[in-house]
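# Coordinates in review
Here's the letter readout for the chains.
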Amino acid sequence: MASGEQLKALLKSHVDGDDERFFSVAMQVAAHEARRGHGRLAEELRALIDSARTGLGRRAPIPIGRPRGELANLLEVSHPSVRLGDMILGGDLGEQIRRVIREQRHAGRIVESGLTPRRKLLLTGPPGTGKTLTASVLAGELGFPLLEVRLDGLITKYMGETAAKLRQIFEATTRTRGVYFFDEFDAIGSQRGLPNDVGEIRRILNSFLQMIEQERSHSLVIAATNHPAILDSALFRRFDDILHYELPDRPQIVRLLKTRLSAAAGARVRWGSLAQLAAGLSYAEVTRAANEVLKDALIHSRDSVNEGDIRAMLKERQSVAEKLATRRRGAEA
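Residues numbered from 1 in each chain as written. Predicted model: local features only at pLDDT ≥ 70, side-chain atom pairs only at ≥ 80, totals over all residues. Heavy atoms only, no water.

### What about helix α4 (residues 91-105)?
For α4, with 15 residues, the first-to-last C-alpha span of 21 Å sits near the 21 Å given by 1.5 Å per residue. Among the residues making up α4, those that are buried are Leu93, Gly94, Gln96, Ile97, Val100, Ile101, Glu103 and Gln104. For α4, the elements touching its buried residues are α5 (107-112), β2 (120-124), α6 (131-142), β5 (220-225) and β6 (241-244). (Helix = DSSP H or I, 4+ residues; strand = E, 2+ residues; numbered from the N terminus. Expected span 1.5 Å × (residues − 1). Buried < 20%, exposed > 50% of the residue type's maximum accessible area, 1.4 Å probe, protein only. Contact = heavy atoms within 4.5 Å.)

### Examining the packing of aromatic side chains
The final tally for this structure, using the stated rule, is 6 aromatic pairs. When the centroid spacing of 5.6 Å and the interplanar angle of 65° are considered together, the rings of Phe170 and Phe208 count as edge-to-face. Placement of the pair is Phe170 in helix α8 (residues 161-175) and Phe208 in helix α10 (residues 199-214), with a sequence separation of 38 residues. For the pair shown, Phe170 and Phe208 are each scored as buried. Measuring from ring centre to ring centre gives 4.9 Å for Phe185 and Phe208, while their planes differ by 55°; the resulting arrangement is tilted. Taken together, the residues span a long stretch of sequence, with Phe185 in the loop between β4 (179-182) and α9 (186-189) and Phe208 in helix α10 at a distance of 23 residues. Cluster of aromatic residues (ring-pair linked, three or more members): Phe170, Phe182, Phe185, Phe208 and Phe239. (Phe/Tyr/Trp six-rings, centres within 6.5 Å; stacked < 30°, edge-to-face > 60°.)

### Quick word on the pattern of salt bridges
One pass over the structure, following the stated rule, counts 14 salt bridges. With a closest N to O distance of 2.9 Å, Glu213 and Arg238 form a salt bridge. One end of the pair, Glu213, is in helix α10; the other, Arg238, is in the loop between α11 (233-236) and β6, and 25 residues separate them in sequence. Given the relative accessible area of 18%, Arg238 is considered buried. Members of the salt-bridge network, linked through shared partners, are Glu95, Arg98 and Arg102. (Salt bridge = Lys/Arg side-chain N within 4 Å of Asp/Glu carboxyl O.)

### Here's the deal with the environment of Phe182
Counting through the fold element by element, Phe182 comes out in strand β4. C-alpha separation for the pair Phe182 and Thr225, spaced 43 residues apart in sequence, amounts to 8.8 Å. If we skip the residues at most four places from it in the chain, Phe182 touches Val149, Leu166, Ile169, Phe170, Ile188, Phe208, Val221, Ile222, Ala223 and Ala224.

### Some points on helix α12 (residues 250-261)
The end-to-end C-alpha separation of α12 is 16 Å, in line with the 16 Å expected for 12 residues at 1.5 Å each. Restricting attention to buried positions, one finds in α12 the residues Gln252, Ile253, Val254, Leu256, Leu257 and Leu261. Measuring from the backbone nitrogen of Gln252 back to the side-chain oxygen at the start of α12 gives 3.0 Å, which picks out Asp249 as the cap. (Polar contact = N/O pair within 3.5 Å; in protein donor to acceptor, adjacent residues only side chain to side chain.)

### Brief notes about the pairing of β5
Burial analysis of β5 places 6 of its 6 residues in the buried class, the great majority of the element. Along β5, one buried face is formed by Leu220, Ile222 and Ala224 and the opposite face, lined by Val221, Ala223 and Thr225, is buried too. Direction of pairing for β2 relative to β5: parallel, over a ladder of 5 bridges. Its bridge partner being in β5, Leu121 is matched across the sheet by Ile222. Two strands pair when backbone bridges link them, and β4 and β5 are joined in this way by 4 bridges, in the parallel orientation. Counted as the bridge partner of Tyr180 is Val221 from β5. (Pairing = 2+ DSSP bridges.)

### Observations concerning the packing of α4 against α6
Helix packing for two helices is described by the angle between their axes and how far apart those axes are. Packing of α4 against α6 brings their axes to within 11 Å, and their N-to-C directions diverge by 35°. Every pair of crossing elements has a handedness; the one defined by α4 and α6 is right-handed. Contact residues: α4 offers Ile97, Val100, Ile101, Gln104 and Arg105, while α6 offers Thr134, Leu138, Glu141 and Leu142. Considered class by class, the residues forming the contact of α4 with α6 number 5 nonpolar, 2 polar and 2 charged. (Axes fitted to C-alpha atoms, helices over the stretch in contact; angles between N-to-C directions. Left-handed = near helix turned anticlockwise from the far one by under 90°. Nonpolar A, V, L, I, M, F, W, Y, C, P; charged D, E, K, R; others polar.)

### Describing the nonpolar core
Residues Leu75, Ile169, Phe182, Phe185, Phe208, Leu235 and Phe239 are the most contacted members of the largest nonpolar core, which totals 28 residues. Within the residue set of this core, elements represented by two or more residues are β3 (146-149), α7 (151-154), α8, β4, α10, β5 and α11. Considering each element in turn, this core owes the most residues, 6 residues, to α10. The next biggest cluster of nonpolar side chains, apart from the first, holds 25 residues, and it includes Leu257, Ala265, Met313 and Ala321. (Core = buried A, V, L, I, M, F, W, Y, C linked by side-chain atoms within 4.5 Å.)

Here you go:
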């Protein structure tokens, strides 16, 4: 039978979500049973451990109830099933995300060596380039719940209230291991001293800086912004890694269109020509165009789509994107 210390180590590693430590202690228990002559039990334990290791990447999300009380207005919980293979990424960005996943899966070993796995991430780049999807992918790959911070519930007009709510969120990272996602992070992370700066916004930023510096949980804290230039410079060194997202290039647009449409498209579709037409669109906009093509085919009872269908929808998305860009430029003038 496992010793008292081994039982305590098993329980502690389970509570901490430290898979590597849990499996290591479990193997020690199996070896102990083998030395005592309980060969069959030892083999059964090893088989269970091997099976658990194999299924680790496919495990169900960590159970979490719906946040109650004040947290119900601050956090939106989901259990994403998307995986890294569902994203189309450039080499450097893909490797950064894979590194985060590897370090989280071996967090116990890293911590035992006196090091810290990456878990505080800042995602920057244009809208629709995969920042929100990355938070979902990390949650899906690691089997964690995704807890999206609701800015409408976080930011209030009353002095000190936003900082108090922010503290509740950071306290939750210790109680419930998960991926905590601050989207549109520039709403609370903009530079101190900007022309539109007010004292309360400055206090919120100072509170965030202090809390993320002191945060020591096993959760991932992810912030995303479309406007990194307006973030306060003190924020950047508080994160373990900064991931920058770009609009898709031509090969990536080809891959995205093929992934969505090749099963329904004819053999003569010139994917490269379509990708050239879609230049400047985000991943989200290209995906939206592809989905619109498929929906139109379903509505009109067509079994397939052709290049003209795809081209027309991409032109429509380009027109919408140009109008939005013109509106943004007018607002900034």
